[in-house]
Every structure is written in structure tokens, then in C-alpha cells.
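Letter by letter, the chains look like this.
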Amino acid sequence: MEDAIQIDTRGDFGLWAIEVAKQIVADQGYELARAALDGSEDDVRVAGNALGQAITNALIEVFDGLTDGVSDE
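What you see is a predicted model, and the numbers here were worked out from it, not measured in a lab.

**Q** Just give me the short version of the overall build of the protein, but keep the residues and values in it.
**A** Tallying secondary structure elements over the protein gives two helices and zero strands in all. Counting every position in the protein, which comprises 73 residues, the buried fraction comes to 12%. Residue pairs at least 24 apart in sequence account for 42% of intrachain contacts in the protein once pairs closer than 6 positions are excluded. Working note: accessible area of the protein is about 5800 Å², and carbon and sulfur atoms make up 55% of it.

Okay, structure coming up:
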């Protein structure tokens, strides 16, 4: 999620969401699955929290981009 993209339509948002979801699942989902197979309860908890944080970060990133330049009136 390094490159800035422009989201003008629901379709653009949908494509962004698909790409971000694939990236998150590839990174964090793998770690969660690995922890579930080989790790302790703490490892699973940490990996699950990392997955949740990655999702939160992505949503906040797009929200911030959509509200950029909008006043707080």
C-alpha cells in the first residue's frame, strides 16, 4: 500500500479492496495459519491481532485518502 491510487467510483474502491485483501491474506493470513498449526495460543493471538491490525490500517488509509482536504466543520 505504498503507491497512491485514486478512487473515484465504487468500482475503483472494489478493485482497491480486492488487491489489499489479497496482500493482507498473503502476508498476515499465512502467519496466522502457521501459528495455528505450529504455535502456542499466544502465537495465534499475536498473529490474529496482526491480521486485525493490517485490516484496520488499510481501512484507515483509504478513509484518510477519501477525507483528505475535507474540512471538519
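That was the structure; now back to the text.
**Q** So what's going on with helix α2 (residues 41–67)? Residues and values would help.
**A** Between its first and last C-alpha atoms α2 spans 39 Å; for 27 residues at 1.5 Å apiece the expected length is 39 Å, and the two agree. Ala47, Leu51, Ala54, Ala58 and Val62 are the residues of α2 that are buried. Those residues of α2 hidden inside the fold are in contact with α1 (10–38).

**Q** Please provide a residue-by-residue account of the nonpolar core, values included.
**A** Trp16, Val20, Ile24, Leu51, Ala54, Ala58 and Val62 together form the largest nonpolar core, which totals seven residues. Counting residues per element, the ones that place at least two in this core are α1 and α2. The greatest single-element share of this core, amounting to four residues, is contributed by α2. Not counting the four nearest positions on each side in its chain, Ala54 is found in contact with Ile24 and Gln28.

**Q** With reference to specific residues and values, describe the pattern of salt bridges.
**A** Applying the stated criterion across every chain, the model contains three salt bridges. The shortest N-O distance in the salt bridge between Glu19 and Lys22 comes to 3.2 Å. With Glu19 and Lys22 both in helix α1 and three residues apart, this pair spans about one turn of that helix. Under the relative-accessibility criterion, Glu19 is labelled partly exposed at 46%. Across the pair Asp42 and Arg45 runs a salt bridge whose closest N-O atoms are separated by 2.5 Å. With Asp42 and Arg45 both in helix α2, this residue pair falls three residues apart, about one helical turn.

The rules behind these values
Residues numbered from 1 in each chain as written. Predicted model: local features only at pLDDT ≥ 70, side-chain atom pairs only at ≥ 80, totals over all residues. Heavy atoms only, no water. Helix = DSSP H or I, 4+ residues; strand = E, 2+ residues; numbered from the N terminus. Buried < 20%, exposed > 50% of the residue type's maximum accessible area, 1.4 Å probe, protein only. Contact = heavy atoms within 4.5 Å. Areas by Shrake-Rupley, 256 points an atom, 1.4 Å probe, with all protein chains shown as cover. Expected span 1.5 Å × (residues − 1). Core = buried A, V, L, I, M, F, W, Y, C linked by side-chain atoms within 4.5 Å. Salt bridge = Lys/Arg side-chain N within 4 Å of Asp/Glu carboxyl O.

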